[in-house]
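Structural features, examined
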Amino acid sequence: MIVNKLTNMVRPGTVAVVGASSKQGKIGHTVLNNIISCGYKGKIYPINPKETEIEGIQAYQSVADLPEPIDLAVIAVPASLVPGVVEDCGRIGVKYLVIITAGFKEIGAEGLEMEKKIIETCREHGMRLLGPNVVGFIDTHTPINASFAATFPQKGEIAFLSQSGAMLVAILDWSLSSGLGFSKVVSLGNKADLSEIDFIEDAADDPNTKVILCYIEDIVDGPRFLDVASRAACKKPVIVIKSGTSQAGAQAASSHTGALAGSDLAYDVAFRQCGVIRARSMTELFNLAVAFARSPVPAGKKVAIITNSGGPGIIATDNVENYGLQMARFTKDTIDALRGTLPVEANVYNPVDVLGDAKADRYRFALQKVCADPNVDSVVVLMCPTGVTQPVETSQAILEAKKAYPEKPILAAYMGGETLARGSAMLAEGGVPCFTFPEPAISCISGLVRYNEMLQKQEEAAAQMSRIDQKGAKAVFYDVIKDNRLVLLGSEAAEVANCYGIPVAPTVLATTPEEAALEADKMGYPVVMKVASPKILHKTDVGGVIVGLKNSDEVRRAYLEIMDNVYGYMPQAVVYGVEVQKMMPKGTELIIGMTKDIQFGPLVGFGLGGIYVNLLKDVSFRLARGLTSGEVEKMLQETKAYTLLRGYRGEKPRDIAALTDVILRVAALVNDFPEITEMDINPVFAYEEGLSALDIKITIS
Ligand code: COA
């Protein structure tokens, strides 16, 4: 039995430290001391074959000697001893293991073998394992410090998961001087069992965590990551820095923790689609963490800037544009109020320049007016120290504005050093992110805005996908499997498409000429008839397709003719009957298809269809999982077909909204049914209004 909830791991009632040592400077000594000194309230059991007492606590020779069940065992003995210790832990029913010891997968074949053995033992006994090759983990709320880190961080709302132990300890040390607090900190190491995915899942439901930060080198289970991360991202921001983006970096990552780093582009697409915010540097990762932990998410992208000097105001304005944000246009009331009170030389439009001689009162007034403006979503306050600047009083004014307008993020850039230090410390304490230069402030707002847009898109996608009959599609697949087939007939594929709201030309299977005529009468003429046989791939080549049938007599004759032709060419063919399909008016020919990536699962492709499809290779792809209408829009724009769809050389534009909807529905279908191995809609006719899928091929496994 596998225990899944990690809450019990980070809040253990009993902890054993295997390799606990009384000798200063040894890892086993540090781990034990960290658990004691962090204020852990549960029972601690040091294990050491040579000691009877360590740090005043009774020690045991082996885990086998322990007097009560153990929730967590932290292991810090040499690698060769670890398999035996894990076996002992399994036997006494330990629930969670942290293996600090290095020297496994990351050192090569021999280490890998040993690691596999350990995982087997864990599985056998239902133990979950963090590591090996880790610093350990910390939960500041329990509290527990099951690590050999030198620093116990401040309590806070950030969960930090790191595949690099060194990075983790460096950040912990830095956090003390930066005032950053953590809810939990986890060193992921070789990820033999538990990985970032498990801890993201746990942190998403952890009431003590507001922001999830990850440093990763690889992802072991792409589809599960997408599932878990997209669900987590709807609850709280997930910010990831993925190293190994360069060729040399990827090489280094694989020798570091034995990571198999995949294509960086796939990671980029995957993060974007599941709503994970990707930071490009460690600085950005932590700036965003601060912004998300301390600021609300703004309603939109309109930014107001208040500054006491022109140059930084211009730089910030440039940044606003570069980061895809907009400078807010103030209402007339705001402009009039600013003009009425600020000196005549002041700029009352955005960026508001309160001038170099501004004291706190001018900042306070400008802040009140700008924050109250409905056209402003967030505010950046810039300050350069002059002889009359009042940093402390101005910080006070900013904190007052934050309190009065809790829904609008206010960030600051205090450009200077010593003179502004007290003022910026006040802001940090009061929950206003304060930087030395404008760019990180604007970049943080851009992160907040992107997150908000992602949430809105997820909601919109959920609403759009509500009209789906998953059960109906399942029943079709079930019948196909019962019939010992993997390829769906055209009429079955059409039924699946109907269940998912994909507009498809009416298609029905007929098993006699009479039935064909009846169905054709119902759908209206002209119709096309196609032989229904999963084994016949090129139906036209065997005389299995007749088009342009205008009445029931023609339909009856066509039925018999098709049967004659097919059995003439392929006497052994298994034929289910003939499909009758309504002939649709010609539209712009497109293709929508699906292919699978080993790491991240199904990708949906879109491109120009028809006879030039192979020649032009005009196709773009997105991961099906977490696909949003915004992403589909970008996907369409990447193709040459987009120019045609928008109305080329006087032609009327095609229904791009309907096309977007169909691509989202195909994505939903292939997500819901991982057993679909291939799917192709070729062609899809796009019209001025709506579209129609003509030929749908679906293969299942
Ligand atoms: N059960 C319990 N304790 C045992 C034991 C057993 N079966 N066998 C030995 N021990 C004790 C030892 O007696 C010793 O205690 P002592 O200090 O009182 O003598 C203690 O466990 C540690 O064993 P030792 O042989 O001294 O090893 P070590 O402390 O030099 O190294 C590790 C052990 C785990 C620290 C080392 O192997 C290692 O992996 N270091 C790298 C860790 C790392 O970098 N991790 C990744 C971070 S990102």
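This report concerns the structure included in the present document. (Residues numbered from 1 in each chain as written. Predicted model: local features only at pLDDT ≥ 70, side-chain atom pairs only at ≥ 80, totals over all residues. Heavy atoms only, no water.)

With that out of the way, let us pick up the packing of aromatic side chains. Under the definition given, this model contains 11 aromatic pairs. Between Trp174 and Phe286, the ring centres sit 5.4 Å apart and the planes meet at 70°, which makes this aromatic pair edge-to-face. With a gap of 112 residues between them, Trp174 in helix H5 (residues 165-178) and Phe286 in helix H10 (residues 282-294) connect regions that are remote in the sequence. Considering the side-chain rings of Tyr500 and Phe673, the 6.3 Å spacing of their centres and the 70° angle between planes classify their relative orientation as edge-to-face. Of this pair, Tyr500 sits in the loop between helix H18 (490-499) and strand E21 (507-510) while Phe673 sits in the loop between helix H24 (656-672) and strand E28 (676-686), and the two are 173 residues apart along the sequence. Of the residues examined, Phe673 reaches a relative accessible area of 3% and is grouped as buried. Seen from the ring of Tyr267, Lys242 lies directly overhead, with NZ or CZ sitting 4.6 Å from the centre. Against the face of Tyr576 rests Arg485, its NZ or CZ located 4.8 Å from the ring centre. (Phe/Tyr/Trp six-rings, centres within 6.5 Å; stacked < 30°, edge-to-face > 60°. Helix = DSSP H or I, 4+ residues; strand = E, 2+ residues; numbered from the N terminus. Buried < 20%, exposed > 50% of the residue type's maximum accessible area, 1.4 Å probe, protein only. Lys NZ or Arg CZ within 6 Å of the ring centre and 35° of its normal.)

Further remarks concern empty space enclosed by the protein. If you walk through the whole model with that rule in mind, you get 1 cavity of 30 Å³ or more. Each pocket or cavity is described by its volume, and for the largest cavity that value is around 60 Å³. Lining the largest cavity are Gly490, Ala494, Val504, Thr507, Lys530, Lys539, Glu579, Gln581, Leu694, Asp695 and Ile696. When residues of the lining of the largest cavity are traced back to their parent elements, those giving at least two are H18 and strand E24 (577-582). Considering only residue class, the lining of the largest cavity consists of 4 nonpolar, 3 polar and 4 charged. (1 Å grid on protein atoms, 1.4 Å probe; cavity = no way out; pocket = protein on both sides within 12 Å on 5 of 7 lines; lining within 4 Å. Points joined across faces, edges and corners; volume = space filled by probe spheres on them. Nonpolar A, V, L, I, M, F, W, Y, C, P; charged D, E, K, R; others polar.)

Once that is clear, we can look at helix H19 (residues 513-523). Burial in H19 covers these residues: Ala516, Ala517, Glu519, Ala520 and Met523. The arc that holds the buried residues of H19, viewed along the axis, is 165°, so those residues lie on one side. For H19, the exposed residues lying more than 90 degrees away from the buried face are Leu518 and Lys522. Once H19 finishes, Gly524 follows within two positions and takes phi at roughly 90°, a positive value. (Arc of directions from axis to C-beta.)

Bringing the site of the ligand into the picture now. Ser21, Lys23, Lys26, Lys50 and Ala102 are the nearest of the 23 residues found near the ligand. In the model, a nitrogen atom of the ligand is placed 3.5 Å from a nitrogen or oxygen of the Gly19 main chain. Interatomic distance of 2.7 Å between a side-chain N/O atom of Ser21 and an oxygen atom of the ligand. Starting from 980 Å² of accessible surface for the ligand in isolation, the protein chains cover 72%. (Near = heavy atom within 4 Å. Polar contact = N/O pair within 3.5 Å; in protein donor to acceptor, adjacent residues only side chain to side chain. Areas by Shrake-Rupley, 256 points an atom, 1.4 Å probe, with all protein chains shown as cover.)

So, about unusual backbone geometry. The omega torsion across Thr142 and Pro143 is -15°, close enough to zero to call that bond cis. The phi dihedral of Leu355 falls on the positive side, at around 80°, and the residue is not glycine. Among the secondary structure elements, Leu355 is positioned in the loop between strand E17 (352-353) and helix H13 (360-372). You will see that Asn484, though not glycine, has its phi angle at about 60°, which is positive. The residue Asn484 is located in the loop between helix H17 (470-482) and H18 in this model. Among the residues examined, Asn484 registers a relative accessible area of 74% and is labelled exposed.

In this section: the nonpolar core. Membership of the largest hydrophobic core comes to 84 residues, with the highest contact counts inside it found for Met9, Leu72 and Phe137. With 7 residues, H10 is the single largest residue contributor to this core. When sequence neighbours within four positions are dropped, the list of residues in contact with Met9 reads Leu72, Tyr96, Leu97, Val98, Leu130, Phe137, Leu194 and Phe199. (Core = buried A, V, L, I, M, F, W, Y, C linked by side-chain atoms within 4.5 Å. Contact = heavy atoms within 4.5 Å.)

A few words now on the pattern of salt bridges. Applying the stated rule across the entire model yields 32 salt bridges. Linking Arg128 and Asp193 is a salt bridge whose minimum nitrogen-to-oxygen distance equals 2.8 Å. Highlighted residues: Arg128 in strand E7 (residues 128-130) and Asp193 in the loop between strand E11 (181-187) and helix H6 (196-204), separated in sequence by 65 residues. Overall, Arg128 belongs to the buried group, its relative accessible area being 8%. In this structure, the salt-bridge partner of Arg622 is Glu638, at a minimum N-O distance of 2.7 Å. With a gap of 16 residues between them, Arg622 in strand E27 (residues 619-623) and Glu638 in the loop between helix H22 (629-637) and helix H23 (641-645) connect regions that are remote in the sequence. (Salt bridge = Lys/Arg side-chain N within 4 Å of Asp/Glu carboxyl O.)

In terms of burial, strand E2 (residues 43-47) is largely enclosed, as 4 of its 5 residues are buried. Inspection of the sheet shows strand E1 (residues 14-18) paired to E2 by 5 bridges, in the parallel sense. Pairing of Val17 across the sheet is with Pro46, part of E2. Crossover handedness for the path E1 to helix H2 (residues 27-37) to E2: right-handed. (Pairing = 2+ DSSP bridges. Right-handed = clockwise from strand over helix to strand, strands pointing away.)

Take helix H4 (residues 109-125) next. Owing to its 3.6 residues per turn, the α-helix aligns residues three or four sequence positions apart on the same side. Counted at 1.5 Å a residue, the expected span for H4 with its 17 residues is 24 Å, and the 25 Å between its end C-alpha atoms agrees. When we look at burial in H4, the residues that qualify are Gly111, Glu115, Ile118, Ile119, Thr121 and Cys122. Projected down its long axis, H4 shows its buried positions confined to an angular sector of 160°, all on one face. More than 90 degrees from the buried face of H4, the exposed residues found are Ala109, Glu110, Glu120 and Glu124. Contacts made by the buried residues of H4 are with helix H3 (82-92), strand E6 (96-99) and E7. In the stretch just after H4, Gly126 is the one whose phi turns positive, near 70°. (Expected span 1.5 Å × (residues − 1).)

A few words on the layout of surface pockets. A volume near 830 Å³ is recorded for the largest pocket. In terms of lining, the largest pocket is formed by 37 residues, of which the most central are Lys530, Lys539, Asn682, Asp695 and Lys697. Contributions of two or more residues to the lining of the largest pocket are made by strand E22 (527-532), strand E23 (545-549), E24, E28 and strand E30 (696-700). The dominant element in the lining of the largest pocket, judged by the number of residues it contributes, is E28, at 6 residues.

Before going further, it helps to examine the environment of Asp193. For Asp193, a relative accessible area of 15% puts it in the buried group. Sequence separation between Asp193 and Thr394 is 201 residues; the distance between their C-alpha atoms is 51 Å. In contact with Asp193, other than residues within four places in its own chain, are Arg123, Met127, Arg128, Leu129, Gly131 and Asp198.

Now for the packing of H3 against H4. Direction vectors running N to C along H3 and H4 enclose 5°, while the axes themselves pass 9 Å from each other. In terms of axis orientation, H3 runs roughly parallel to H4. Each of Val82, Pro83, Val86, Glu87, Gly90 and Arg91 in H3 lies in contact with H4, whose residues at this interface are Met114, Lys117, Ile118, Thr121, Cys122 and His125. Of the residues contributing to the contact of H3 with H4, the split by class is 6 nonpolar, 3 polar and 3 charged. (Axes fitted to C-alpha atoms, helices over the stretch in contact; angles between N-to-C directions. Parallel < 35°, antiparallel > 145°, perpendicular 65-115°, else oblique.)

With respect to topology, 4 strands assemble into an open sheet ordered E21-E24-E22-E23, the strand pairing being antiparallel. Strands at the two margins of the open sheet, each flanked by one partner only, are E21 and E23. In this sheet, adjacent strand axes meet at a mean angle of 25° when their direction is disregarded. The strands that H18 touches are E21 and E24; relative to E21, the one it contacts most, it runs at about 145°.

We now examine the side chain of Ser195. Along the polypeptide, Ser195 turns up in the loop between E11 and H6. Apart from the residues within four sequence positions on either side, Ser195 is in contact with Leu188 and Val220.

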